[in-house]
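These are the residues of each chain, in order.
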Amino acid sequence: MTPRAGSATGGLSPAATRKQSTGTAPAGKFAITEAFGLKQNPNTSLPWKAPTGDSYWVLDPNSQFYNQLRQRGQGGFRTGPSERLVDFKGQYGYAAVIDYNRAPAVKGKGGAIFLHVHGQSTTAGCVSITSTNLQLFLQAVTSGDEITIQ
């Protein structure tokens with residue numbers, strides 16, 4: 001499956017040179033290894049997390065937890081630059097984590113790149129598809145399958 005990232009505010013940027021806060025989606029091929037959602041697990045074989053009001057995707061470039069899911073109560077990051085997942089009720093009903101800039105994460109290259117449900121407007125660098133298509137994707141994908149953003 002090759003979802004298009006044409007809905008990213010800033011278009012595409014080569015993954016090797018992409019920077020945080022540019023609104024671009026990273027162009028390239030990436031593994032999908034985990035998923036999360038504010039709705040019930042759609043029967044995916046991927047490891048599934050259900051975010052709470054305390055769940056953030058860390059985008060604090062000074063944190064050792066950069067580009068990871070972390071609970072605010074665990075500390076170690078500033079919430080200001082990070083994404084509080086429950087604030088995106090529609091988009092994060094279902095989401096697959098696109099393994100861009102992870103393990104090891106390079107600070108400043110950005111993160112929180114997901115395949116998620118379409119929102120009201122463009123994304124800040126993610127790829128979005130309909131809720132129905134994302135549920136079907138999550139039911140079919142296995143850990144390590146790749147997605148191409150082009």
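Above this text sits the structure in question.
Here the structure is a predicted model, which means the values were calculated and not measured.

## Observations concerning the pairing of strand S10 (residues 146-149)
Alternating residues of S10 divide into Ile147 and Ile149, all buried, and Glu146 and Thr148, none buried. Inspection of the sheet shows strand S2 (residues 25-36) paired to S10 by 4 bridges, in the antiparallel sense. Paired with Gly28 across the strands is Ile149, a residue of S10.

## Re the layout of surface pockets
A volume near 380 Å³ is recorded for the largest pocket. Class assignment for the residues of the lining of the largest pocket results in 8 nonpolar, 14 polar and 2 charged.

## Regarding the environment of Thr123
Examined against the element boundaries, Thr123 turns out to sit in the loop between strand S8 (114-117) and strand S9 (127-129). Counting along the chain gives 113 residues from Thr123 to Gly10, while the straight-line C-alpha distance between them is 8.9 Å. A polar contact of 3.2 Å, which involves the side chain of Thr123, links it to the backbone nitrogen of Gly125. There is a polar contact of 2.9 Å between the side chain of Thr123 and the backbone oxygen of Cys126.

## With respect to the environment of Leu69
As for its placement among the helices and strands, Leu69 is situated in strand S5 (residues 69-71). A relative accessible area of 24% places Leu69 in the partly exposed class. Separated by 15 residues in the primary sequence, Leu69 and Arg84 place their C-alpha atoms 9.7 Å from one another. Sequence-distant contacts of Leu69, that is, excluding residues within four places in its chain, are made with Lys49, Ser55, Tyr56, Trp57 and Leu85.

Rules used throughout
- Residues numbered from 1 in each chain as written.
- Predicted model: local features only at pLDDT ≥ 70, side-chain atom pairs only at ≥ 80, totals over all residues.
- Heavy atoms only, no water.
- Buried < 20%, exposed > 50% of the residue type's maximum accessible area, 1.4 Å probe, protein only.
- Helix = DSSP H or I, 4+ residues; strand = E, 2+ residues; numbered from the N terminus.
- Pairing = 2+ DSSP bridges.
- 1 Å grid on protein atoms, 1.4 Å probe; cavity = no way out; pocket = protein on both sides within 12 Å on 5 of 7 lines; lining within 4 Å.
- Points joined across faces, edges and corners; volume = space filled by probe spheres on them.
- Nonpolar A, V, L, I, M, F, W, Y, C, P; charged D, E, K, R; others polar.
- Polar contact = N/O pair within 3.5 Å; in protein donor to acceptor, adjacent residues only side chain to side chain.
- Contact = heavy atoms within 4.5 Å.

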